[in-house]
Amino acid sequence: MSKVLGAGAAAVACVALAGSPASAGTNTGYSRGIAHQGCSFSSEGWFKANGDTLYIKDTCGDGWAAELKVDVAPLAGQTDYDHLITNNGGKGSTKVENRFNFPEGKKICVSAGISVNGEMGGFGPWKCGTT
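Small disclaimer: the values here were computed from a predicted structure and weren't measured.

Before going further, it helps to spend a moment on the overall build of the protein chain. Across its full length, the protein chain holds one helix and nine strands. Sequence-ordered secondary structure for the protein chain, helices as α and strands as β, is α-β-β-β-β-β-β-β-β-β. Classification of the 131 residues of the protein chain by burial places 36% in the buried group. The contacts of the protein chain with a sequence gap of at least 6 include a subset with a gap of at least 24, amounting to 53%.

See the structure below:
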């Protein structure tokens, strides 16, 4: 009888663990694109772990689009990135992107900058968090 109760308790514990929410990740800080045409910074991007949501805000009325480079599980010494999100909405607009379903526990890094006519630049420092 005690073996049956022990097995039942173990099964209940497994079900309880399986139903637990995934561990909470950490949000990134704000990455700000380098100052441009009289603005303190050109763009602002960040990642929120809850919902794997990325944001890119255009903070300067300079006619350039705000860009967000996204690097998933970055490797030391590499300078590439996995995704590029463009906000063409103009000063004050924020593009929200949550179509990604990143694996839990992965490092996510973002860098905000600007672009016009296919030319990109002014990217700020990488800011990293985890899913």
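Here the narrative resumes.
With that out of the way, let us pick up the packing of aromatic side chains. Enumeration according to the criterion identifies four aromatic pairs in this entry. On the numbers, 5.0 Å between centres and 10° between planes, the contact of W46 with Y55 is stacked. The class of W46 is buried, set by a relative accessible area of 12%. Counting every residue linked through ring pairs, the aromatic cluster contains Y30, W46 and Y55. Above the face of the F41 ring, R32 is positioned so that its terminal group lies 4.8 Å from the ring centre. The ring of F123 has K69 sitting right over it, with the charged end atom 4.1 Å from the ring centre.

The subject of this paragraph is the confidence of the model for the protein chain. For the protein chain, the average pLDDT comes to 86, and 82% of its residues sit at 70 or higher. For the stretch residues 1-21, pLDDT sits under 50, and the model shows zero contacts to residues farther than four places along the chain or on other chains.

So, on to the environment of I85. Among the secondary structure elements, I85 is positioned in strand β5 (residues 83-87). Of the residues examined, I85 reaches a relative accessible area of 3% and is grouped as buried. Sequence separation of I85 and E67 is 18 residues, and the distance between their C-alpha atoms is 5.7 Å. Apart from residues no more than four positions distant in its own chain, I85 is found in contact with L54, I56, A66, E67, L68, V70, K95, E97 and F100.

This next bit is on unusual backbone geometry. In this model, Q37 sits at a positive phi of 45°, which is unusual for a non-glycine residue. With respect to the element layout, Q37 can be found in the loop between β1 (31-32) and β2 (43-48). We note that D52 has phi near 50°; this positive angle belongs to a residue other than glycine. Tracing the sequence through the fold places D52 in the loop between β2 and β3 (53-58). Using a relative accessible area of 6% as the deciding quantity, one classes D52 as buried.

Calculation criteria
- Residues numbered from 1 in each chain as written.
- Predicted model: local features only at pLDDT ≥ 70, side-chain atom pairs only at ≥ 80, totals over all residues.
- Heavy atoms only, no water.
- Helix = DSSP H or I, 4+ residues; strand = E, 2+ residues; numbered from the N terminus.
- Buried < 20%, exposed > 50% of the residue type's maximum accessible area, 1.4 Å probe, protein only.
- Contact = heavy atoms within 4.5 Å.
- Phe/Tyr/Trp six-rings, centres within 6.5 Å; stacked < 30°, edge-to-face > 60°.
- Lys NZ or Arg CZ within 6 Å of the ring centre and 35° of its normal.
- pLDDT = per-residue confidence, 0-100.

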